[in-house]
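Each chain, written out:
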Amino acid sequence: MGLLRGVARTAVVAGTATAVSNRVSRRQAGRWADQEQAAPQQAPPPAEPVYAQPVYVQQAPTTPPPVDMDTKLAQLKDLGQLKEQGVLSDAEFEVQKNRILGQ
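Keep in mind the model is a prediction, meaning the values are calculated, not measured. (Residues numbered from 1 in each chain as written. Predicted model: local features only at pLDDT ≥ 70, side-chain atom pairs only at ≥ 80, totals over all residues. Heavy atoms only, no water.)

(A) Region of the structure containing the packing of helix α2 (residues 69-85) against helix α3 (residues 90-101). Packing of α2 against α3 brings their axes to within 10 Å, and their N-to-C directions diverge by 175°. Taken together, the axes of α2 and α3 are roughly antiparallel relative to one another. Here Lys72, Gln75, Leu76, Leu79, Gly80 and Lys83 of α2 lie close against α3, whose contacting residues are Asp90, Phe93, Gln96, Lys97, Ile100 and Leu101. Of the residues assigned to the contact of α2 with α3, the class counts are 5 nonpolar, 3 polar and 4 charged. (Axes fitted to C-alpha atoms, helices over the stretch in contact; angles between N-to-C directions. Helix = DSSP H or I, 4+ residues; strand = E, 2+ residues; numbered from the N terminus. Parallel < 35°, antiparallel > 145°, perpendicular 65-115°, else oblique. Contact = heavy atoms within 4.5 Å. Nonpolar A, V, L, I, M, F, W, Y, C, P; charged D, E, K, R; others polar.)

(B) Quick look at the pattern of salt bridges. Taken as a whole and judged by the stated rule, the model has 2 salt bridges. Salt-bridge contacts for Asp90 lead to Lys83; the nearest nitrogen and oxygen are separated by 3.3 Å. Taking the relative accessible area as the measure of exposure, Lys83 reaches 32% and is therefore partly exposed. With a closest N to O distance of 3.4 Å, Glu94 and Lys97 form a salt bridge. (Salt bridge = Lys/Arg side-chain N within 4 Å of Asp/Glu carboxyl O. Buried < 20%, exposed > 50% of the residue type's maximum accessible area, 1.4 Å probe, protein only.)

Rendered as structure tokens:
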């Protein structure tokens, strides 16, 4: 008898909860319907298009930090090795050498 009584009690509780939940849902749906009928049916005014404005960021001109003579000599040495290996032509070597020396 105990098991049957527990199952019956669960069924009653679940049924009551379902009935209450359905009634609350219906009442709420009715209120929303009343509000929609009471409110005038006007279309919202068309929104004006929003155009993104370009953002201009002015950056300070960047100047490379001064390079000390040891660094320049190391770069020239590496450049000379590339020329000897045939990676750089004479013209490319001169352009890069002038860039390093700042001429």
